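As a plain string of letters, each chain reads:
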Amino acid sequence: MSNTFSDSSQIGIVSTFSDLINTDFKEEMNALCWHRNLDGDFKEIVSKLSLKENITEVYPEDLIALQLSEKGNIAREIILNDLQLLTDFGASPSLNLLKCYERDDEFDFISTDVYSFHVDRSPIATDTFLCTYHGAASDIVSNSQTEQKTLIPEIRAKLKELYDGPAEEFDNFLKENYFDLHYQLHQDAEPINLGLGHLWRLAVDHPKQQVLPCIHRAPIENEGEFRLLLIC
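The following refers to the structure shown.

## Observations concerning the overall build of the protein
Moving on, step 1. Helices and strands together make up the secondary structure of the protein, namely six helices and twelve strands.
Moving on, step 2. Against the compact-globule benchmark of 17 Å for 232 residues, the protein has a radius of gyration of 19 Å, which places it among compact chains.
Moving on, step 3. Expressed as lengths along the three principal axes of its C-alpha atoms, the size of the protein is roughly 60 × 40 × 35 Å.
Moving on, step 4. Taken over 232 residues, the protein has a buried fraction of 49%.
Moving on, step 5. In the protein, of all internal contacts separated by at least 6 residues, the share reaching a separation of at least 24 is 77%.
Moving on, step 6. Considering the protein, the positive charge centre built from 19 side chains and the negative charge centre built from 40 side chains are found 2 Å apart.

Have a look at this one:
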C-alpha cells in the first residue's frame, strides 16, 4: 500500500482550504488533499462523546459542552473551524462518531455497502469532503486499477438472474439498486490510505463532472476503537 500521496497522479496536494475548493480536477486527478499535521488530542474528544447508535452525529454544541484538556481544546477548535469553513462554502458537513456502518450481506456475489470500493453519485454538481480525525481512515484507489462490478461477466450474469423486467431496462435496474457504483480491484491494485487529519475533496459522478469519479471505501474499524469522521 502506498504511503505517500505525492507518488500518485490521482491526488493533488494543497496547503490551504481556499486551494482545496478552488483547484480543478483534471485528467487522472480526482482527489484533492489539504495536507495537514494536526496538533491536539482527538482521542480525548472521542473518549468524552457518547455513542447512542452505531453512528451518532455530533453537533457543535456537543463539542462546546465538553470539558477538555489544553490538547483536547486544540483538537476541538480545529474541528469547529473545519465545520465552519465547509458551512461557509455552502456544504452541509456532518461530524460522526462511528462504531460501524450497516453491512449489506443480501447477496454473496456483490455488496453495496460503504466497505465496498464505490463512487458517490449526485444529480447536481458537488464533491465529497471528508476528514478522519481519529480511528481507521478511508482508502481510495486509481480508476485504472479497478473494474466496474456490473461489467464482470459472472457478476452480470447473476444480476440478470435477479432481474425479471425487459432487457432494455436492465441498466436502469442496476442504477436504481446502486450496483453500478461498485468496483472490484485488479489483483495488483494499490489502494491509498487517506490518513488522519487531512481534509479531502473527492470527485463525484454527476452530469457536469470533467473527470472520473473517485473510487473509495470506508475502512474496517479497529477493534474497540471509534472513528471520528467529518463528511459532506
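## Let's talk about the sheet that holds strand S6 (residues 139-141)
Moving on, step 1. Strand order in the open sheet made by the three strands is S9-S6-S11, with antiparallel pairing throughout. The open sheet has two free edges, formed respectively by strand S9 (192-193) and strand S11 (215-217), since each of these has just one partner strand.
Moving on, step 2. By the bridge criterion, three bridges tie S6 to S11 in an arrangement that is antiparallel. Bridge assignment links isoleucine 140 to a residue of S11, and that residue is histidine 216.

## Remarks on the environment of tryptophan 200
Moving on, step 1. Positionally, tryptophan 200 belongs in strand S10 (residues 199-203).
Moving on, step 2. Classification of tryptophan 200 as buried rests on a relative accessible area of 1%.
Moving on, step 3. Sequence-wise, tryptophan 200 and leucine 32 are 168 residues apart; in three dimensions their C-alpha atoms are separated by 5.7 Å.
Moving on, step 4. Within polar-contact distance, the side chain of tryptophan 200 engages the backbone oxygen of leucine 194 at 3.1 Å.

## Here we look at the side chain of arginine 201
Moving on, step 1. Structurally, arginine 201 can be placed in strand S10.
Moving on, step 2. A distance of 2.7 Å separates a polar side-chain atom of arginine 201 from the backbone oxygen of leucine 20.
Moving on, step 3. Not counting residues within four places of it along the chain, the set of residues in contact with arginine 201 comprises Leu20, Ile21, Asn22, Thr23, Phe25, Asn30, Ala31, Leu32, Asp127, Thr128 and Phe129.

## Points about the sheet that holds strand S4 (residues 94-98)
Moving on, step 1. The strand order S1-S2-S10-S5-S12-S4-S3 describes an open sheet built from seven strands, whose pairing is mixed. Where the open sheet ends on each side, the last strands, each with one partner, are strand S1 (11-14) and strand S3 (55-58). Recorded for the sheet is a direction-independent mean angle of 25° between the axes of neighbouring strands.
Moving on, step 2. With respect to the sheet, helix H4 (residues 70-89) is in contact with strand S2 (31-34), S4, strand S5 (127-134) and strand S12 (227-231), its orientation differing from that of S5 by roughly 175°.

## Brief notes about unusual backbone geometry
Moving on, step 1. Within the chain, glutamate 27 stands out as a residue other than glycine whose phi angle is a positive 50°.
Moving on, step 2. Backbone geometry places tyrosine 178, a non-glycine residue, at a positive phi of 65°.
Moving on, step 3. Tracing the backbone shows tyrosine 178 in the loop between helix H6 (170-176) and strand S8 (183-185).

## What to know about H4
Moving on, step 1. Taking 1.5 Å as the rise per residue, H4 with 20 residues should run 28 Å; its terminal C-alpha atoms sit 29 Å apart, in good agreement.
Moving on, step 2. The set of residues buried in H4 consists of Gly72, Ala75, Arg76, Ile78, Ile79, Leu80, Asp82, Leu83 and Leu86.
Moving on, step 3. Backbone geometry just after H4 places glycine 90 at a positive phi near 110°.

## Re the nonpolar core
Moving on, step 1. Ranked by size, the top nonpolar core spans 32 residues in total, and within it Ile45, Ile79, Tyr133 and Leu228 carry the most contacts.
Moving on, step 2. For this core, the element with the most residues is H4, which contributes six residues.
Moving on, step 3. Excluding residues within four positions of it along the chain, isoleucine 79 makes contact with Phe42, Ile45, Leu63, Leu95, Tyr133 and Leu228.
Moving on, step 4. Of all hydrophobic cores here, the second largest spans 15 residues; its members include Ile11, Cys33, Ile192 and Ala218.

## Let's talk about the pattern of salt bridges
Moving on, step 1. Counted under the stated rule, the structure contains eight salt bridges.
Moving on, step 2. For arginine 36, the salt bridge identified is with aspartate 82, shortest N-O distance 2.9 Å. Placement of the pair is arginine 36 in the loop between S2 and helix H2 (42-48) and aspartate 82 in helix H4, with a sequence separation of 46 residues.
Moving on, step 3. In this structure, the salt-bridge partner of arginine 121 is aspartate 180, at a minimum N-O distance of 2.3 Å.

## So, the side chain of threonine 150
Moving on, step 1. Inspection of the secondary structure puts threonine 150 in the loop between strand S7 (146-148) and helix H5 (153-162).
Moving on, step 2. In contact with threonine 150, other than residues within four places in its own chain, are Arg156, Leu159, Leu174, Phe179 and Asp180.

Rules and cut-offs
Along each chain, residues carry numbers from 1 onward, in the same order as the chain's sequence is written. Reporting of local features is limited, given that this is a predicted model, to residues whose pLDDT is at least 70; pairs of side-chain atoms are given and counted only at 80 or more, and all residues count toward the totals for whole chains, interfaces and linings. Remark: hydrogens and water are excluded; side-chain values derive from all non-hydrogen atoms of the structure. Every helix listed is a DSSP run of H or I at least four residues long, and every strand listed is a run of E at least two residues long, numbered separately from the N terminus. For the radius of gyration, the atoms used are the C-alpha atoms, and the globule rule reads 2.2 Å times the number of residues raised to 0.38. Throughout this description, buried means an accessible area under 20% of the type-specific maximum (1.4 Å probe, protein chains only), exposed means over 50%, and partly exposed covers the range between. By definition, residues are in contact when any of their heavy atoms lie within 4.5 Å. The positive count covers Lys and Arg only, the negative count covers Asp and Glu only, and His and the chain ends enter neither. Note on charges: their place is set at NZ of Lys, CZ of Arg, CG of Asp or CD of Glu. The criterion for strand pairing is that DSSP finds at least two bridges linking the strands in question. Whenever two N or O atoms come within 3.5 Å, that pair is a polar contact, provided that in protein one can donate a hydrogen and the other can accept it, and provided that, for residues adjacent in sequence, both atoms are side-chain atoms. All axes here are fitted lines through C-alpha atoms, helices being fitted over the stretch that makes contact, and every angle between N-to-C directions spans 0 to 180 degrees. A helix is expected to span 1.5 Å for every residue after the first. Working definition of a nonpolar core: buried Ala, Val, Leu, Ile, Met, Phe, Trp, Tyr and Cys residues. They are joined through side-chain atoms within 4.5 Å. The term salt bridge refers to a side-chain nitrogen of Lys or Arg lying within 4 Å of a carboxyl oxygen of Asp or Glu.

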